[in-house]
Protein chains: 2
Amino acid sequence: MSNTVLEKAAVLFAERGFAGTSLRDIAEAMGMTRPALYYYFNSKEALLQELVRGVTGSGSQELRRLRERTDIGAAEKLRVVVSTTVARIAESPLRFRLLERNEAELPAEILQEHHTSKGRILDELTKIIADGVRSGEFRPVDERIAAFSVIGMINWIAWWYKPDGPSTPEEIAREMYEMASRGLVRGADRMPASGVEGAVALLREDLTHLERLVSAGGSAS
Amino acid sequence: MSNTVLEKAAVLFAERGFAGTSLRDIAEAMGMTRPALYYYFNSKEALLQELVRGVTGSGSQELRRLRERTDIGAAEKLRVVVSTTVARIAESPLRFRLLERNEAELPAEILQEHHTSKGRILDELTKIIADGVRSGEFRPVDERIAAFSVIGMINWIAWWYKPDGPSTPEEIAREMYEMASRGLVRGADRMPASGVEGAVALLREDLTHLERLVSAGGSAS
C-alpha cells in the first residue's frame, strides 16, 4: 500500500511539481481520507524522503559489500551492478526522473541525502573499476569517466524505458553489461601476467612489434 | 551576444523555472533595457526555441549525412557521433539539463520540436549501429538498446561535467568512444588501429598500466 501511495505521489509530482502538490491532493487521488494517508506518511517531506531513498537509498551499502568481495572479479561485480541498477530504475523510471527534474524544489536536507547517496554509488563503482584496472582484468581506463559512462548508460533508461516496450529489464541489463564489460575488459590476447613483471613483459612484446613495423618501412596506416 | 543572452537565460530558468522567469528578468540580469533584449529575442518563446535548437537542433541532419557516407565504416561514424555530441553537451550542460528538467513547462510546439529532434538523433544512431551489425563490423547487438546506451552515456555528461574538472571534453570523448566501440565491435580481442600508430597506442596503454602498478606500490603480483 505505501508503495502505491509513492507511485501515485510520483505521478502527481510529475504533473504539478513537488511544490504544487499537497498531501491532500495525494489523498484525493488515492481516494483516501487525509488521516488514512497520514497513517503511511505524516508529511509531504516524509513521502519525498521515501521516494528519494527508493531511488538511491540502500544502493551504496550493497555496492560496498559487493566491492569488498574477494571471491569474484571486477567484471562479475560490474555484472551485478548493472543488473541490479537496471532493475531498480526500470521498476520506477518516473521516480528517478522526478528527482533529477525537481532537484531545485527538494528541501535542502533531502537533497543532501540524495547527493550523498549518488556520490557514494559513483565512488563504489569507480573503485570497482580501479580495482579491475589494477588487477589487469580491465584496460587502463580513466576510472572516473568509465564509472560515469556506465552510470549514465543505465540512468538514461529512466528517460526511454517503457514497461510495454520491446525489451524487458533483463534483456536491457544483459545488453548493457555486454557493452560495458567488453568496453572495459582487456582483450583476451592482451591479458598481462599479473604484477610489474607481467606489465614489463607486455611492454617488451609491444616494443618488438613496433620495432618490426618501423624497420619494415613504418607504413603508418 | 545572443549566445550570452541564452547562457544567462539558461541560468535564470535553472534557478526559477521557465514559467517563473520573464523577459524582463533576463534583460535585468543582462543589464539591458527590454527593447535592447527584444532586438535579439522578441519573446520568451523565441528564446526557448533557440535554447532547444542549440541542444538537439541541427544534430539530426548532420547525423543523417554522416550515416549516408560510404567512405567510412560504422566504428568511424560512431567516433564522429561521440566526439561531436560530447563536445556539444560539454559546451552547455546547463542548457541540456534544463530541457530535460522543465519539459512539463515547455510550450507544446517547442516540446514537439524537441521530441522530434531527439527521436531523429536516436533513429540515425540506431541505423548506424544496425548498418555496422549488418556489415559484420559490429556484434549482433540489439541496436535500439545499444543506441540508447551510447546516447545515455553521453547525455549523462550534462549531470556531472564541470569545465574546471579533471577531464577535458576531448579526453571524455576519447574514453567514451573507446568504451562504446570496444563494446560494439566484433571480437573481444579487437586490436586498436593497425600499423605504427596502433602499436604506439598499445605501448601507451601498457605503460599506463605499469605506471599505475608501480605507483600503487608495485606489489600487485
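Within each chain, residues carry numbers counting from 1 in the order of the written sequence. Note on labels: chains are lettered from A, ligands numbered from 1, in written order. Only residues with pLDDT of 70 or above have their local features reported here, since the model is predicted, and side-chain atom pairs are shown and tallied only from 80 upward, although totals for entire chains, interfaces and linings are computed over all residues. Values reported for side chains reflect all heavy atoms of the structure, with hydrogen atoms and water molecules removed beforehand.

Where an unreviewed UniProt entry is consulted, chain A appears under the name TetR/AcrR family transcriptional regulator, with the organism given as Spongiactinospora gelatinilytica.

**Points about the overall build of chain A**
Just so we agree on the cut-off: Only DSSP runs of H or I reaching four residues or more are called helices, and only runs of E reaching two or more are called strands; each is numbered from the N terminus. The globule rule used here is 2.2 Å times the number of residues to the 0.38 power, and the radius of gyration it is set against is calculated over C-alpha atoms. Each residue is assigned to one of three classes by its accessible area relative to the maximum for its type, calculated with a 1.4 Å probe on protein chains only: buried under 20%, partly exposed between the two thresholds, exposed over 50%. We get accessible surface area from the Shrake-Rupley algorithm with a probe of 1.4 Å; when it comes to residues, only the shown protein chains can shield them. Asp and Glu are treated as the negative residues and Lys and Arg as the positive ones, with His and the ends of the chain left uncounted. We put the charge of a Lys on NZ, of an Arg on CZ, of an Asp on CG and of a Glu on CD.
Tallying secondary structure elements over chain A gives 12 helices and zero strands in all. Along its sequence from the N terminus, chain A presents helices and strands in the succession α-α-α-α-α-α-α-α-α-α-α-α. In terms of C-alpha radius of gyration, chain A reaches 23 Å, well past the compact-globule figure of 17 Å for 221 residues. If one aligns the C-alpha atoms of chain A with their principal axes, the spans along those axes are about 85 × 35 × 30 Å. Counting all 221 residues of chain A, 49% fall into the buried class. Taken as a whole, chain A presents about 10,400 Å² of accessible surface, with 50% of it coming from carbon and sulfur. Where the 29 positive side-chain charges of chain A centre and where its 32 negative ones centre are 1 Å apart.

**A word on the interface of chain A and chain B**
Applicable threshold: Contacts between residues were defined by any pair of non-hydrogen atoms, one from each residue, lying within 4.5 Å. By buried area we mean how much accessible surface two parts lose on assembly, using a 1.4 Å probe and totalling the loss over both. The term salt bridge refers to a side-chain nitrogen of Lys or Arg lying within 4 Å of a carboxyl oxygen of Asp or Glu. As used in this structure description, the phrase polar contact means that two N or O atoms lie within 3.5 Å; if the pair is within protein, one of them must be able to donate a hydrogen and the other to accept it, and residues adjacent in sequence are counted only when both atoms belong to side chains.
In this assembly, 62 residues from chain A lie in contact with 58 residues from chain B. In this assembly, chain A packs against chain B so that about 5,400 Å² is buried in total across both faces, 66% of it on carbon and sulfur atoms. Viewed at the interface, chain B and chain A are joined by one salt bridge. Across the pair B:Arg139 and A:Glu178 runs a salt bridge, and its minimum N-O distance is 4.0 Å. Applying the counting rule to chain A against chain B returns two residue pairs in polar contact (both at pLDDT 80 or more).

**Some remarks on the domain arrangement of chain A**
Operational definition: Where each domain starts and ends comes from a domain assignment, either automatic or drawn from a database.
Assigned domains of chain A: these are domain 1 (48-189) and domain 2 (191-221). Computed over C-alpha atoms only, the centres of domain 1 of chain A and domain 2 of chain A are separated by 35 Å.

**Quick notes on the environment of A:Ile145**
Relative to the assigned elements, A:Ile145 resides in helix H9 (residues 143-155). Residue A:Ile145 is classed as buried on the basis of its relative accessible area, which comes to 1%. Sequence-wise, A:Ile145 and A:Asp25 are 120 residues apart; in three dimensions their C-alpha atoms are separated by 42 Å. Setting aside chain neighbours within four positions, we find A:Ile145 in contact with B:Trp160, B:Ser167, B:Glu171, B:Ile172, B:Glu175 and B:Met176.

**Re the pattern of salt bridges**
Residues and elements named next belong to chain B. As enumerated under the stated definition, the model contains 19 salt bridges over all chains in all. The partner of Asp-71 in a salt bridge is Arg-69, and the shortest N-O contact between them spans 2.8 Å. On the basis of relative accessibility, which here comes to 56%, the residue Asp-71 falls in the exposed class. Its relative accessible area of 38% is what places Arg-69 among the partly exposed residues.

**Points about helix H2 (residues 23-30) of chain A**
Taken residue by residue, H2(A) has A:Leu23, A:Asp25, A:Ile26, A:Ala27 and A:Met30 as its buried positions. Positive backbone phi, approximately 65 degrees, marks A:Gly31, located one or two places after H2(A).

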